[in-house]
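So the chains spell out like this:
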Amino acid sequence: DPTNWTFASLPSGISAVKLNTTGIDTGKLGEPINCLIPHSDDYLIEGCLSSMFVLRGDPTYGGQHDNLARVVGIVAPQAYARGPDGELVFLTTDGIYALEAGVQGYPRSVSREKLPQELRDVDAQNNRILLAFDVRNRGVFIGITPILGSGGKYFWFDWETRGFWPMEFDPSFEPTALAYRNADSPLDQRLLLGCRDGHIRSFNDSAFTDDGISFKTELLIGPIALGGTGYDEGMVMEAIGELGEGSAKVDGEIWVGRSVENAYKAPRKFAFPLRAGKNRTYNPQLSGNAFFVRLKGSPPWALEKLSIVRERLGKQLL
């Protein structure tokens, strides 16, 4: 009953509770609450945009209301997930943070050093912010789905390497809700995505279409210094690739430039197709300071080995 502000016990057993705080200002909320998160049987996390609080214990039996952070909070009601060790993982305006299972200490950053720009200062008013931890694949799915229109931003955050992997969805497949299914069979344990078109989907490592829509997969390798250091120039002499048996064809490209940025923005300088098994030796004969290799093809394909022979030419000229 949100209109019941009576602190005295009522016959129904429902009444308002005045929270105890550890100090004059510690328990006071200075901004609206974005979400309430039950964190085990003993804690209730209150997430605001730029602060966090915790209610420890039963408020009717001496429960304590404490401040957890004054500079980071949770951006939206569904912008949190539970990690493999019981920790709380959530999205703040400063990236991904985690709070230990026992609510000991303060939230700690787990992503700031590698954070994509799209995950800073996200617009929670016009987007659904979604997080879910995938126990089977050991990672956090992060979704920013526009409430109106399409073109959301999606990332996979690898829990082991702390790396971000961007993802794309067909507009009708963009998720508006997430849930992780804990099934009896390990093969049925999976992250479920409730999509715009009303269907529920999940990731499948053996699928070669996106629910019937063909797609290409791409691997970008680099940057690699051609001269061995960033001060020298070099030349790509040979490229030898080997794909897995039964692999689909892959189109390879080499980009070379006088700097890492120049090489990344440069147009394709050399193309080489790869087929299943061992391939012939290609001779690009391209010089510069740095280079990238891009492999692109329709699944299923598998890269077994890619060898690049380079030769140092000397110090880079201005």
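J.: Explanation requested: the overall build of the chain in the structure shown.
T.: Along the chain, the regular secondary structure elements total one helix and 24 strands. The C-alpha radius of gyration of the chain comes to 26 Å, more than 25% above the 20 Å expected for a compact globule of 318 residues. Overall size of the chain, expressed as C-alpha extent along the three principal axes, is 85 × 45 × 35 Å. Every one of the 318 residues in the chain was classed for burial, and the buried ones make up 40%. The long-range share in the chain, meaning contacts at least 24 apart out of those at least 6 apart in sequence, stands at 54%.

J.: Looking at this structure, I do not really get the pairing of strand β12 (residues 153-158). What am I missing?
T.: Every other side chain in a regular strand lies on the same face of the sheet, so the side chains alternate between the two faces. Here β12 lies mainly inside the structure; five of its six residues are buried. Across six bridges, strand β11 (residues 139-146) lies against β12 in antiparallel orientation. Within the sheet, the bridge partner assigned to Gly-139 lies in β12 and is Asp-158. Between the antiparallel neighbours β11 and β12 lie six residues, among them Gly-149 with a positive phi of about 80 degrees. Examined bridge by bridge, β12 and strand β13 (residues 164-167) share four bridges and lie antiparallel to one another. Its bridge partner lying in β13, Phe-155 is registered against Pro-166.

J.: Hey, could you run me through the pattern of salt bridges in this one?
T.: For side chains of opposite charge, pairing can occur when their charged atoms come near one another. Under the criterion given, the structure shown has 14 salt bridges. Between Arg-56 and Asp-66 there is a salt bridge; the shortest N-O distance is 2.8 Å. One end of the pair, Arg-56, is in strand β4 (residues 52-56); the other, Asp-66, is in strand β5 (residues 64-69), and ten residues separate them in sequence. The residue Lys-249 makes a salt bridge to Asp-251 at a minimum N-O spacing of 3.2 Å. Taking the relative accessible area as the measure of exposure, Asp-251 reaches 39% and is therefore partly exposed. Salt bridges linked by common partners bring Glu-218, Glu-253, Arg-268, Arg-294 and Lys-296 together as one network.

J.: What am I meant to see in the side chain of Ser-51 here?
T.: Relative to the helices and strands, Ser-51 is located in the loop between β3 (43-48) and β4. Here Ser-51 falls in the buried class, since its relative accessible area comes to 5%. Of note is the side chain of Ser-51, whose polar atom sits 2.7 Å from the side chain of Glu-31. Each residue touching Ser-51, except ones within four places of it in the same chain, is listed here: Glu-31, Glu-46, Ala-69, Arg-70, Val-72 and Gly-73.

J.: Quick question: what am I supposed to make of the environment of Gln-189 here?
T.: Summarising the element assignment, Gln-189 is placed in the loop between β14 (175-181) and β15 (190-195). Here Gln-189 falls in the partly exposed class, since its relative accessible area comes to 21%. Gln-189 sits 59 residues away from Ala-248 along the chain, and the two C-alpha atoms are 29 Å apart. For Gln-189, the residues in contact, after removing those within four places along its chain, are Arg-136, Tyr-180, Arg-181, Asn-182 and Ala-183. A polar side-chain atom of Gln-189 sits 3.1 Å from the main-chain carbonyl oxygen of Ala-183.

J.: For this particular structure, what's the right way to read the environment of Glu-160?
T.: Positionally, Glu-160 belongs in the loop between β12 and β13. Between the alpha carbons of Glu-160 and Asn-204 there is a distance of 20 Å; along the sequence they are 44 residues apart.

J.: Hey, could you run me through the sheet that holds strand β6 (residues 80-82) in this one?
T.: Backbone-to-backbone hydrogen bonds pair the strands of a sheet. The strands run either parallel or antiparallel. The antiparallel open sheet is built from four strands, whose spatial order is β6-β7-β8-β9. Looking at which strands have only one partner, the edges of the open sheet turn out to be β6 and β9 (108-109). Note: strand β7 (residues 88-92) against strand β8 (residues 95-99), five bridges, orientation antiparallel. Looking across to β8, one finds that Val-89 is bridged to Ala-98.

J.: Looking at this model, I keep getting lost on the nonpolar core. Mind explaining?
T.: Buried together is how nonpolar side chains tend to be arranged in soluble globular proteins. Counting residues in each nonpolar core, the largest one holds 37 residues, and the members touching the most others are Ile-45, Ile-96 and Ile-142. Sequence-distant contacts of Ile-142, defined by excluding residues within four places in its chain, comprise Ile-96, Leu-119, Leu-130, Leu-131, Lys-153, Tyr-154, Phe-155, Phe-157 and Phe-164. One finds Leu-243, Val-256, Phe-272 and Leu-274 within the second-largest nonpolar core, a separate group that totals 16 residues.

J.: Sorry if this is basic, but what is going on with the confidence of the model for the chain here?
T.: Where the model shows low pLDDT, its predicted coordinates should not be examined in detail. Averaged over every residue, the pLDDT of the chain is 87; residues scoring 70 or more account for 94%. Between the elements of the chain, mean pLDDT differs from a low of 55, seen in strand β1 (residues 20-21), to a high of 96, seen in strand β20 (residues 270-274).

J.: For this particular structure, what's the right way to read the sheet that holds strand β16 (residues 200-202)?
T.: The sheet built from three strands is open, its strands ordered β14-β15-β16 with antiparallel pairing. What marks the edges here is a single partner per strand, and that holds for β14 and β16. The sheet shows a mean angle of 30 degrees between the axes of neighbouring strands, taken without regard to direction. For β14 and β15, the ladder comprises six bridges, and the chain directions are antiparallel. Within the sheet, the bridge partner assigned to Arg-181 lies in β15 and is Arg-190.

Each value, and the rule that gives it
Residues numbered from 1 in each chain as written. Predicted model: local features only at pLDDT ≥ 70, side-chain atom pairs only at ≥ 80, totals over all residues. Heavy atoms only, no water. Helix = DSSP H or I, 4+ residues; strand = E, 2+ residues; numbered from the N terminus. Rg over C-alpha atoms; globule rule 2.2 N^0.38 Å. Buried < 20%, exposed > 50% of the residue type's maximum accessible area, 1.4 Å probe, protein only. Contact = heavy atoms within 4.5 Å. Pairing = 2+ DSSP bridges. Salt bridge = Lys/Arg side-chain N within 4 Å of Asp/Glu carboxyl O. Polar contact = N/O pair within 3.5 Å; in protein donor to acceptor, adjacent residues only side chain to side chain. Core = buried A, V, L, I, M, F, W, Y, C linked by side-chain atoms within 4.5 Å. pLDDT = per-residue confidence, 0-100. Axes fitted to C-alpha atoms, helices over the stretch in contact; angles between N-to-C directions.

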